[in-house]
Amino acid sequence: MRLINSVFSAVQDFKISLITVVYNAENTITSCIDSVIRQNFNNVEYILIDGGSTDGTIQIIEKYRHYLSHFVSEPDNGIYDAMNKGIKLATGDVVGILNADDFFADHTVLSAIANAFVQNNANILYGDLDYINENGNVIRKWRAGGFTAKSFNLGWMPPHPTFYCKRNLFEKFGLYSLNYGTAADYELMLRYLHVNKLPAYYINKVIIKMKIGGKSNNSLNNRVKGLFFDLKAMRNNQILLPILTVIVKPMRKIIQYF
């Protein structure tokens, strides 16, 4: 009983810094914020970084200001620069990112994450993700599974929107690099998990619902650029056969549709 009470107390004291980066997302920001508010875990530092939206995003955010620990609205150098701004403001035990176009799969996500960190003494955690269409139907299932030392060499990566890590890791191993374009999240996870071999805990749970049409996939030109950024990240982060891995990596997505 004393052990149970100790774990319960540790979870209650555990603090999650959650960062949402937004720019002109008036059609999705409400569902994103609402999914945070509905969480049954309360020790959340919610940080919202806006890139200077010119649509109705700011007006929507103003309705939720009392739920926000920090709100910044100013021009930035892209989504990863904005994420870095949020990380520098964070004071929680761990940091996670919730994109403005995404939302939590259910109201228990953050409590499950906090419990997993505390009970497994984890430094990094990731889970599963569903892609949904405009009608809310699941069209693709990203089931990450566990990973080994060889996983990244075989084109594996965890879904970045489900990636949570101890805040002090950013101080030790660096923030998101702006030298990798849309692959900055992939490069950071390579750097943490593959190069520095930091242990990670896989939580077998759908954490995020993501709407189709991300920036790196919304045109053929962006997809080609994304592959080159992936290749650059691989070459700079000890991937054994980067040319082969950059071919295999997108092919792994096929099974997610079945």
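Reading the values: the criteria
- Residues numbered from 1 in each chain as written.
- Predicted model: local features only at pLDDT ≥ 70, side-chain atom pairs only at ≥ 80, totals over all residues.
- Heavy atoms only, no water.
- Helix = DSSP H or I, 4+ residues; strand = E, 2+ residues; numbered from the N terminus.
- Buried < 20%, exposed > 50% of the residue type's maximum accessible area, 1.4 Å probe, protein only.
- Polar contact = N/O pair within 3.5 Å; in protein donor to acceptor, adjacent residues only side chain to side chain.
- Contact = heavy atoms within 4.5 Å.
- Core = buried A, V, L, I, M, F, W, Y, C linked by side-chain atoms within 4.5 Å.

## Structural notes on the side chain of histidine 160
If you trace the backbone, histidine 160 turns up in the loop between strand 7 (138–142) and strand 8 (164–166). On the basis of relative accessible area, histidine 160 is assigned to the buried category, the value being 5%. Among the polar contacts made by the side chain of histidine 160, one reaches the side chain of tyrosine 176 at a distance of 2.6 Å. What histidine 160 contacts, discounting residues up to four positions off in sequence, is Met83, Ile97, Tyr176, Asp185 and Met189.

## Focus: the nonpolar core
Counting residues in hydrophobic clusters, the biggest one holds 75 residues, and the most contacted among them are Ile16, Ile29, Phe104, Ile113 and Tyr192. Look past the residues within four positions of isoleucine 16 in its chain and what remains in contact with it is Phe41, Asn43, Val44, Glu45, Val94, Leu110, Ile113, Ala114 and Tyr164.

## Observations concerning unusual backbone geometry
Leave glycine aside and you will find that most residues have negative phi; peptide bonds, for their part, are mostly trans. Unusually for a residue other than glycine, asparagine 121 sits at a positive phi of about 50 degrees. Among the structural elements, asparagine 121 can be located in the loop between helix 5 (109–120) and strand 6 (124–132). Phi at glutamine 238 takes a positive value of approximately 65 degrees, unusual for a residue other than glycine. Positionally, glutamine 238 belongs in the loop between helix 8 (220–235) and helix 9 (242–251). Overall, the relative accessible area of 55% leaves glutamine 238 in the exposed class.

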